[in-house]
Amino acid sequence: MYNPWGSPMRPSSSKTAIANARQSHYSRRQWLQRVSALGLAGAASRIHLHGQQASAAVTYPIKNVVICCNENRSFDHYYGYAPFVGSHGVPAGYSQPDGKGGTVTPHHLTSGISPDPTHDWAHIHGEWNNGAMNGFYTTDGSGALGYYDQSDLPFYYSLIKHFSLCVNYFCSMLSETYPNRLYLAAGTSGGNTSNSIAVGSLQFPCILDLLEARGITFKVYHDGAACTVGGLVCDNHFQFFQRWYQDPRVNNYSEDDYLNDLTGGTLPQVSFLMTNDFNGEHPPYPLGVGVKDQATFINALAKSSYWKTSAYILTYDEGGGFFDHVVPPVFDAYGAGIRVPTWVISPWAKPGHLSTVLSEHGSILKFVEAIFGLPALASINHQFDVQTPGANNDAANGQQFGPPAPPRDGRSDIGNLMDCFLF
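Predicted, not measured: the structure shown is a model, and the values here were computed from it.

Visitor: Describe the packing of helix α9 (residues 255-264) against helix α10 (residues 287-302), with residues and values.
Guide: Axes are the key here: two packed helices are described by the angle between their axes and the distance separating the axes. As a packed pair, α9 and α10 sit with axes 9 Å apart at the nearest point and diverge in direction by 15°. Classified by the angle their axes make, α9 and α10 are roughly parallel. Viewed along their axes, α9 and α10 form a crossing whose handedness is left-handed. When α9 is examined against α10, the residues E255, Y258, L259 and L262 are found in contact with a partner set consisting of T296, F297, A300 and L301. Classifying every residue of the contact of α9 with α10 by side-chain character gives 6 nonpolar, 1 polar and 1 charged.

Structure representation (C-alpha cells):
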C-alpha cells in the first residue's frame, strides 16, 4: 500500500488514518501555497538497538531528519491560549501569587520584542518552586507572564492542521541554554548546570559519535553568521565536544548551504540547523525574524525532492523564564525542566495531532536512534551512572561530585516521537 506522497506505508488497521493521509496530500499543498502567498515561503532503517545489536528490523519511510532548536520559549507562552490545544492550555482562572497576598494573571504581549526573564538555575528553580509552579511572578516579575496568540504567530498556528504538536514535551533541565542543549546532543549535560562550559572540553559521546560510527551522513548548518570556535555565536552545542568542535561538518555550513543541498540533492541523512539569538526567537530580539526563517527552512524542505522521506523537528532549548502551568516530571536531580513547544513536521506526520506522550530532548535522540538503527547513548556512556563532576554543577552544592545523570535516551518512560507519525 502506498500513501499519496509516494513512500511505502506500512499496513494500518485504521481506514480513517489512511483516508486522512490521502486527503492531506492536497490540503498540505494548499497550505504551502497560502504560506507562499504571505511571503513566508522561503535505504531501510532499523528499530532502536539495545547495546550494539538490532532487536528487529523495521523499515521506516523517513530517510532524512532535520532538527532545529530555537531559544527560550515555554509552551504556555506560545500556545497556552491556542484554541486547538484544549485542556493542555492555560486553565480557566489561572493566576500567580504576587508575593503581597494578591494574584496576577498572564497578559497578551503587544510587541514581538518581548521581555527576557532571567532563566539560570536559581531563577528557574524559584519559578518551579518544588513543583508548585507558582513562582514565575515573584521570581521574574510581570515579564514572565507575557504570552502570544494566533495574531502574533499565524505561521506556527497554521501548522496544526497538517502536522503534530507535542503538548507534553519538556526541556531537560531546570536551568538555562547550554546545559539543555547538551541534553539534546548527548542525552545528558554531564552535570553541567550553567552556560559556563569551555569549548572543546567535553569528552563523553554525543549523537554525532553514533552517526559517525554507523556511517550516517550529517551536517550542522548555521543560520546567520558562521560560528567562530570559542565564540559560540550560533549556540552550536556540538562545539563543546572535544572530538567535534573543529570538525568541518560542525563548523563550515550556512543556511545557504542547507537550501542549496535541498535543491542540489546533497542533503545529509541528519541535519542540524543552528540558529543564533537574533534569528532563533530569543527575547528580546524581534520575534518575526526567527519565525520567518523557520518558514523558509520548512517550506524549502517541503518543496524539495526530500520531502516525501523527511521529518523536520522544531523544538526550544528551554522555557526562557516564561510561565507554564504543567508540573515537569522529576527524572533526577536536574530535571525535567519547563514544558516547551515541539513540532513534528512531515508528510508522514499525523495531521492535527496533539502528542500527550511524555517527551523531552532525549526523545529526539531516541527518534534518530530508531530511524537509523543506532544504539542508545545510555548504552555506551556509563560515565555519569553513579555521579557527575562537582564543577559547574549547582546540584552538587559545592561538593566534589554531584548526583548521577545518565543519558535519558535509555529511559523507557520517555517517548521517541513515533506516535506523531502515520507509520
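There's plenty left to go through after this.
Visitor: So, the packing of aromatic side chains: which residues are in play, and what are the values?
Guide: Scanning the entire structure with this criterion turns up 27 aromatic pairs. For the ring pair Y258 and F297, a centre distance of 5.6 Å and an interplane angle of 90° mean the geometry is edge-to-face. Of this pair, Y258 sits in helix α9 while F297 sits in helix α10, and the two are 39 residues apart along the sequence. Assigned by exposure class, Y258 and F297 land together as buried. An aromatic cluster of at least three residues, connected via ring pairs, comprises F75, Y78, Y79, F84, Y148, F155, Y156, Y157, Y316 and W343. Just above the ring of Y253 sits the side chain of K219; from NZ or CZ to the centre is 4.4 Å.

Visitor: Please set out the side chain of D317 residue by residue, giving values where relevant.
Guide: Mapped onto the fold, D317 is located in the loop between β13 (310-316) and β14 (342-345). According to the relative accessible area criterion, D317 is buried, its value standing at 0%. For D317, the side chain forms a polar contact with the main-chain nitrogen of N72, separated by 3.2 Å.

Visitor: So, the pattern of salt bridges: which residues are in play, and what are the values?
Guide: Enumeration according to the criterion identifies 11 salt bridges in this entry. Here R181 makes a salt bridge to D317, at a shortest N to O gap of 3.1 Å. Taken as a pair, R181 in helix α6 (residues 177-186) and D317 in the loop between β13 and β14 lie far apart in primary sequence, 136 residues in all. The salt bridge involving R339 is made with D324; its shortest N-O contact spans 3.1 Å. Pair noted here: R339 is in the loop between β13 and β14 and D324 is in the loop between β13 and β14, with a separation of 15 residues, a long-range link. The exposure class assigned to R339 is buried, which follows from its relative accessible area of 1%. Beyond isolated ion pairs, a larger network of salt bridges with shared partners links E71, R181 and D317.

Visitor: Tell me about empty space enclosed by the protein, and name the residues and values.
Guide: Approximately 60 Å³ is the volume attributed to the largest cavity. As for the largest cavity, its lining consists of I67, C68, C69, L184, A185, H237, F238, F272, L273, M274 and I364. Secondary structure elements with two or more residues in the lining of the largest cavity: β3 (64-70), α6 and β12 (270-274). Within the lining of the largest cavity, the residues separate by chemical class into 10 nonpolar, 1 polar and no charged.

Visitor: Help me get a handle on the nonpolar core, residues and values and all.
Guide: General note: in soluble globular proteins, nonpolar side chains tend to be found buried as a group. Counting 92 residues, the largest nonpolar core has F272 and Y312 as the members making the most contacts within it. Broken down by element, the residue count for this core peaks at 8 residues, all from α10. Among the nonpolar cores identified, the runner-up in size contains 13 residues, and I124, M133, L174 and F323 belong to it.

Calculation criteria
- Residues numbered from 1 in each chain as written.
- Predicted model: local features only at pLDDT ≥ 70, side-chain atom pairs only at ≥ 80, totals over all residues.
- Heavy atoms only, no water.
- Axes fitted to C-alpha atoms, helices over the stretch in contact; angles between N-to-C directions.
- Helix = DSSP H or I, 4+ residues; strand = E, 2+ residues; numbered from the N terminus.
- Parallel < 35°, antiparallel > 145°, perpendicular 65-115°, else oblique.
- Left-handed = near helix turned anticlockwise from the far one by under 90°.
- Contact = heavy atoms within 4.5 Å.
- Nonpolar A, V, L, I, M, F, W, Y, C, P; charged D, E, K, R; others polar.
- Phe/Tyr/Trp six-rings, centres within 6.5 Å; stacked < 30°, edge-to-face > 60°.
- Buried < 20%, exposed > 50% of the residue type's maximum accessible area, 1.4 Å probe, protein only.
- Lys NZ or Arg CZ within 6 Å of the ring centre and 35° of its normal.
- Polar contact = N/O pair within 3.5 Å; in protein donor to acceptor, adjacent residues only side chain to side chain.
- Salt bridge = Lys/Arg side-chain N within 4 Å of Asp/Glu carboxyl O.
- 1 Å grid on protein atoms, 1.4 Å probe; cavity = no way out; pocket = protein on both sides within 12 Å on 5 of 7 lines; lining within 4 Å.
- Points joined across faces, edges and corners; volume = space filled by probe spheres on them.
- Core = buried A, V, L, I, M, F, W, Y, C linked by side-chain atoms within 4.5 Å.

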